[in-house]
Amino acid sequence: MATAIRTVVILIFAWSIALYQGFDSLNKATTRTWLFLILSGLATGASWLCYFRALQLGEASRVAPVDKLSVVVAIVLAALFLGEPLTWRHWVGAGLIITGTVIIAKA
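Bear in mind the structure is a predicted one, so any value in this text is a computation, not a measurement. Counting of residues starts from 1 at the beginning of each chain's written sequence and follows it residue by residue. Given that the model is predicted, a residue must reach a pLDDT of at least 70 before its local features are reported, and side-chain atom pairs must reach 80 or more before they are shown or counted; all residues, however, enter totals for whole chains, interfaces and linings. No hydrogens and no water enter the side-chain calculation; it runs on all heavy atoms of the structure.

Caption draft 1: Spotlight on the confidence of the model for the chain. Averaged over the chain, the pLDDT score is 88; the fraction of residues at 70 or greater is 100%. pLDDT is a per-residue confidence score from the predictor, ranging from 0 to 100. Where helices and strands are cited, they refer to DSSP runs of H or I of at least four residues and of E of at least two residues respectively, numbered from the N terminus. Across the chain, the element-wise mean pLDDT spans from 85 in helix 3 (residues 60-67) up to 92 in helix 5 (residues 88-105).

So this is what it looks like as structure tokens:
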């Protein structure tokens, strides 16, 4: 139920922005763009379900840091699939996120 409520709030918020901005960019969307949007939506839905389940089973102080590992995954995927260059700052930031997650998870 919590996921459904959260989704409705995000849906209203996202459509409000879309209506305000206009639909001009929709005409420019490629098949690849649509594919990534759909896959992103499916991944987000699965992530929310897993996150709420983890919160039911464990402490929020241990679950939330693990959720933030998605930032590291996004950095890696951006480099692999989008060809984004990674600088030393990306590596250091990702390393700090991983280190912080491990430290908190072992607490």
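Caption draft 2: Molecular detail of the packing of helix 4 (residues 69-81) against helix 5. Lines fitted to the C-alpha atoms define the axes, with helices restricted to the stretch that makes contact. Angles between their N-to-C directions range from 0 to 180 degrees. Direction vectors running N to C along helix 4 and helix 5 enclose 150 degrees, while the axes themselves pass 9 Å from each other. On the basis of the axis angle, helix 4 is roughly antiparallel to helix 5. The handedness of the crossing between helix 4 and helix 5 comes out as left-handed. In contact with Leu 69, Val 71, Val 72 and Ile 75 of helix 4, helix 5 contributes His 90, Ala 94, Ile 97, Ile 98 and Thr 101. Side-chain classes are defined by residue name, with Ala, Val, Leu, Ile, Met, Phe, Trp, Tyr, Cys and Pro counting as nonpolar, Asp, Glu, Lys and Arg as charged, and the others, Gly among them, as polar. Of the residues that constitute the contact of helix 4 with helix 5, the class distribution is seven nonpolar, two polar and no charged. When an angle is under 35 degrees it counts as roughly parallel; over 145 it counts as roughly antiparallel; between 65 and 115 it counts as roughly perpendicular; any other value is oblique. It is the rotation of the near helix from the far one that decides the hand of a crossing: anticlockwise by less than a right angle makes it left-handed, clockwise makes it right-handed. It only takes one pair of heavy atoms within 4.5 Å for two residues to be counted as in contact.

Caption draft 3: Molecular detail of helix 1 (residues 2-21). In this analysis, the expected span of each helix is defined as 1.5 Å times one less than the number of residues it contains. The terminal C-alpha atoms of helix 1 lie 29 Å apart, and with 20 residues this matches the ideal 28 Å at 1.5 Å per residue to within 8%. Directly after helix 1, the chain includes Gly 22, whose backbone phi takes a positive value near 95 degrees.

Caption draft 4: Structural detail: the pattern of salt bridges. Criterion for a salt bridge: a side-chain nitrogen of Lys or Arg within 4 Å of a carboxyl oxygen of Asp or Glu. Counted under the stated rule, the structure contains one salt bridge. In this structure, the salt-bridge partner of Asp 67 is Lys 68, at a minimum N-O distance of 3.6 Å.

Caption draft 5: Region of interest: the packing of aromatic side chains. Geometry of aromatic contacts follows a simple scheme: Phe, Tyr and Trp rings, the Trp one being its six-membered ring, pair when their centres are within 6.5 Å, and the pair is stacked under 30 degrees between planes, edge-to-face over 60, tilted otherwise. All chains considered together, the criterion is met by one aromatic pair. Arranged with centres 6.2 Å apart and planes meeting at 70 degrees, the rings of Tyr 51 and Phe 52 form a pair that is edge-to-face. Three labels apply to residues, based on accessible area from a 1.4 Å probe with only protein chains included: buried if under 20% of the type maximum, exposed if over 50%, partly exposed otherwise in between. When its relative accessible area of 23% is taken as the criterion, Tyr 51 is described as partly exposed.

Caption draft 6: How the structure looks around a nonpolar patch on the surface. The residues that make up patches have over 30% relative accessible area and no salt bridge, and they are joined within 9 Å when like-charged or within 5 Å when they are Val, Leu, Ile, Met, Phe, Trp or Tyr. Throughout, the Shrake-Rupley method with a 1.4 Å probe supplies accessible areas, and for residues the shown protein chains are the sole cover considered. A contiguous nonpolar patch, built from Leu 11, Trp 15, Leu 19, Phe 23, Leu 26, Trp 34, Leu 35, Phe 36, Leu 37, Ile 38, Leu 39 and Leu 42 and spanning about 1200 Å² of accessible area, is present on the exposed surface. For the nonpolar patch, the elements supplying multiple residues, two or more each, are helix 1 and helix 2 (31-57). For the nonpolar patch, the element with the highest residue contribution is helix 2, accounting for seven residues. Tracing the sequence through the fold places Phe 23 in the loop between helix 1 and helix 2.

Caption draft 7: Region of interest: the side chain of Thr 101. Tracing the backbone shows Thr 101 in helix 5. By relative accessible area, which is 6% here, Thr 101 ends up buried. Apart from the residues lying within four places of it in its own chain, the contact partners of Thr 101 are Pro 65, Val 66 and Leu 69.

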